[in-house]
Amino acid sequence: MPGPFDLADTRAYAEWRAQKLDTAPRRIEDIVVTVDDPRQLKTEERERLVALNRRCNMAIYVSKTGSDPDKEIPRRLGAQLGMVTLDGHWLTDSDGISPLSVIGAEARGERKDFIPYTDRPIKWHTDGYYNRPEHTIRGLLLHCVQSAASGGENQLLDHEIAYLLLRDENPDYIRTLSRPAVMTIPPRTDDQGVARAAQPGPVFSVNEDGTLHMRYTARTVSIVWDAAADAARAALERILATPTPWTLRGRLEPGMGLVCNNVLHDRSGFIETAEKRRLLYRARYYERVAID
């Protein structure tokens, strides 16, 4: 692992750690960017979104699109930020973008048993933790068309901060969670009859460009952990369960969205009314946000 993520290079880590903690946002307002139209970013809007992702791996945009259901909003925004290869699977629409909604899951029955398409809370995770390595999800975009009547808030935590806190506690935890088969998603067959092989992999790994990637879910069902990872896993769960100064909280409203390098996030449960049926578009990419 190069640079600060090489456990042997303590000097590089110390320099990176100091810089990271000095610039990490502590309020959700610190990562908000106002844009006119995500489909056609102004130069300064794009630069701000890119700069935030370079600094803390995430940004929230507030736009004037409101409840416009145009799916070109997330698609064109992602393309302007260097994210173009969508991760399509049997639960996405044919265009590779998933409409996360309870009413949509009711209409398309196979989605209704998957938590993102329900009103139930979702535990801490990064997206695509069950994907094959060649389909690693490095970029994530969520765009809100309509929020729920109440609930549906997110917590966000830069995965580099989680790494840092865990490494400071015990570098052996990082070594353990970097093992190539420390967390395995068991095999399954989807509703289309397509078999998915078991997917072992690390929690922490380093991308070819030297950036950190995290593959994680706090789910306990259908997840197999290496028995030697118990202490490291418990430490990570404790860090996520205890709000840190860098844990950000907020709710996406119509015209708002999250664009990020697949940071850790969760979602509270929510309540809908006939007038307020929650709808978010989710786009997952194999690329990170472009770094100019």
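Here we summarise the structure given alongside this text. In this text the structure is predicted, and so the values were computed from the model without any measurement.

### Quick notes on the overall build of the chain
Then, number 1: Along its length, the chain carries 7 helices and 19 strands.
Then, number 2: Taken over the C-alpha atoms alone, the chain extends approximately 55 × 45 × 30 Å along its principal axes.
Then, number 3: Taking all 292 residues of the chain together, 51% fall into the buried category.
Then, number 4: Considering only contacts in the chain between residues 6 or more positions apart, those separated by 24 or more positions represent 78%.

### Regarding the pattern of salt bridges
Then, number 1: Taken as a whole and assessed by the stated rule, the structure comprises 20 salt bridges.
Then, number 2: As a salt-bridge pair, Glu15 and Arg11 come within 3.5 Å of each other at their nearest N and O atoms. Highlighted residues: Glu15 and Arg11, both in helix α1 (residues 10-23), separated by 4 residues, approximately one helical turn.

### Remarks on the packing of aromatic side chains
Then, number 1: Scanning the model with the defined rule gives 7 aromatic pairs in all.
Then, number 2: Relative to Tyr163, the ring of Phe5 lies with its centre 5.2 Å away and its plane at 85°, an arrangement referred to as edge-to-face. Here Phe5 is found in the segment before α1, whereas its partner Tyr163 is found in helix α5 (residues 159-169), with 158 residues between them in sequence.
Then, number 3: When the centroid spacing of 5.0 Å and the interplanar angle of 70° are considered together, the rings of Tyr129 and Tyr130 count as edge-to-face.

### Here we look at the side chain of His125
Then, number 1: Examined against the element boundaries, His125 turns out to sit in strand β4 (residues 122-125).
Then, number 2: A relative accessible area of 11% places His125 in the buried class.
Then, number 3: A polar side-chain atom of His125 sits 2.9 Å from the main-chain carbonyl oxygen of Lys123.
Then, number 4: One polar contact links His125 to Asp127, side chain to side chain, over a distance of 3.2 Å.
Then, number 5: Setting aside anything within four residues of it in sequence, one finds His125 in contact with Tyr216, Thr217, Val263, Leu264 and His265.

### Considering the packing of α5 against helix α7 (residues 230-241)
Then, number 1: For the pair α5 and α7, interaxial distance at closest approach is 10 Å and the crossing angle is 125°. Between α5 and α7, the angle falls in the class oblique. Here α5 and α7 pass one another in a crossing that is right-handed. Across the interface between the two elements, Leu165, Leu166 and Glu169 from α5 touch Ala232, Ala235, Leu236, Arg238 and Ile239 from α7.
Then, number 2: Across the contact of α5 with α7, the residue classes break down as 6 nonpolar, no polar and 2 charged.

### Points about α5
Then, number 1: The buried count for α5 comes to 8 of 11 residues, which makes it a mostly enclosed element.
Then, number 2: Within α5, burial applies to His159, Glu160, Ile161, Ala162, Tyr163, Leu164, Leu166 and Arg167.

### Quick look at the environment of Ile73
Then, number 1: One can find Ile73 in helix α3 (residues 72-80).
Then, number 2: Each C-alpha atom, one on Ile73 and one on His159, is 26 Å from the other, the two residues being 86 residues apart in sequence.
Then, number 3: With residues up to four places along the chain from it excluded, the contact list for Ile73 reads Pro38, Arg39, Thr65, Asp68 and His143.

### Considering α7
Then, number 1: Here α7 spans 16 Å end to end across 12 residues, near enough to the 16 Å set by a 1.5 Å rise per residue.
Then, number 2: Buried-residue contacts for α7 involve β4, β7 (154-157), α5, α6 (171-177), β13 (212-214) and β17 (264-267).

### Brief notes about unusual backbone geometry
Trans peptide bonds make up the majority, and among non-glycine residues the majority have a negative phi.
Then, number 1: Here Asn57, not a glycine, exhibits a phi torsion of approximately 70°, which is positive.
Then, number 2: With respect to the helices and strands, the residue Asn57 is situated in the loop between α2 (43-56) and β2 (58-62).
Then, number 3: Judged by its relative accessible area of 1%, Asn57 is buried.
Then, number 4: Phi is positive for Asn262, close to 50°, though the residue is something other than glycine.
Then, number 5: Mapping Asn262 onto the fold places it in the loop between β16 (256-260) and β17.

### A look at the packing of α1 against α5
Then, number 1: Their axes nearest at 11 Å, the elements α1 and α5 cross at an angle of 125°. The orientation of α1 relative to α5 falls into the category oblique. The two elements α1 and α5 cross, and the hand of that crossing is left-handed. Of the residues in α5, those touching α1 at Tyr13, Trp16, Arg17, Lys20 and Leu21 are Glu160, Ile161, Tyr163, Leu164, Arg167 and Asp168.
Then, number 2: Looking at the contact of α1 with α5 residue by residue, the classes come out as 6 nonpolar, no polar and 5 charged.

### Quick word on the nonpolar core
Then, number 1: Among the nonpolar cores identified, the biggest contains 39 residues, and Ile31, Leu49 and Met58 are the most heavily contacted of them.
Then, number 2: Where this core is concerned, the elements lending two or more residues are α2, β2, β5 (139-146), β16 and β19 (279-285).
Then, number 3: Setting aside residues up to four positions removed in sequence, Ile31 forms contacts with Pro25, Leu52, Cys56, Met58, Ala59, Ile60, Leu156 and Leu248.
Then, number 4: By size, the runner-up hydrophobic cluster in this structure holds 36 residues, among which are Tyr13, Leu166, Met214 and Ala232.

About the cut-offs
Residues numbered from 1 in each chain as written. Predicted model: local features only at pLDDT ≥ 70, side-chain atom pairs only at ≥ 80, totals over all residues. Heavy atoms only, no water. Helix = DSSP H or I, 4+ residues; strand = E, 2+ residues; numbered from the N terminus. Buried < 20%, exposed > 50% of the residue type's maximum accessible area, 1.4 Å probe, protein only. Contact = heavy atoms within 4.5 Å. Salt bridge = Lys/Arg side-chain N within 4 Å of Asp/Glu carboxyl O. Phe/Tyr/Trp six-rings, centres within 6.5 Å; stacked < 30°, edge-to-face > 60°. Polar contact = N/O pair within 3.5 Å; in protein donor to acceptor, adjacent residues only side chain to side chain. Axes fitted to C-alpha atoms, helices over the stretch in contact; angles between N-to-C directions. Parallel < 35°, antiparallel > 145°, perpendicular 65-115°, else oblique. Left-handed = near helix turned anticlockwise from the far one by under 90°. Nonpolar A, V, L, I, M, F, W, Y, C, P; charged D, E, K, R; others polar. Expected span 1.5 Å × (residues − 1). Core = buried A, V, L, I, M, F, W, Y, C linked by side-chain atoms within 4.5 Å.

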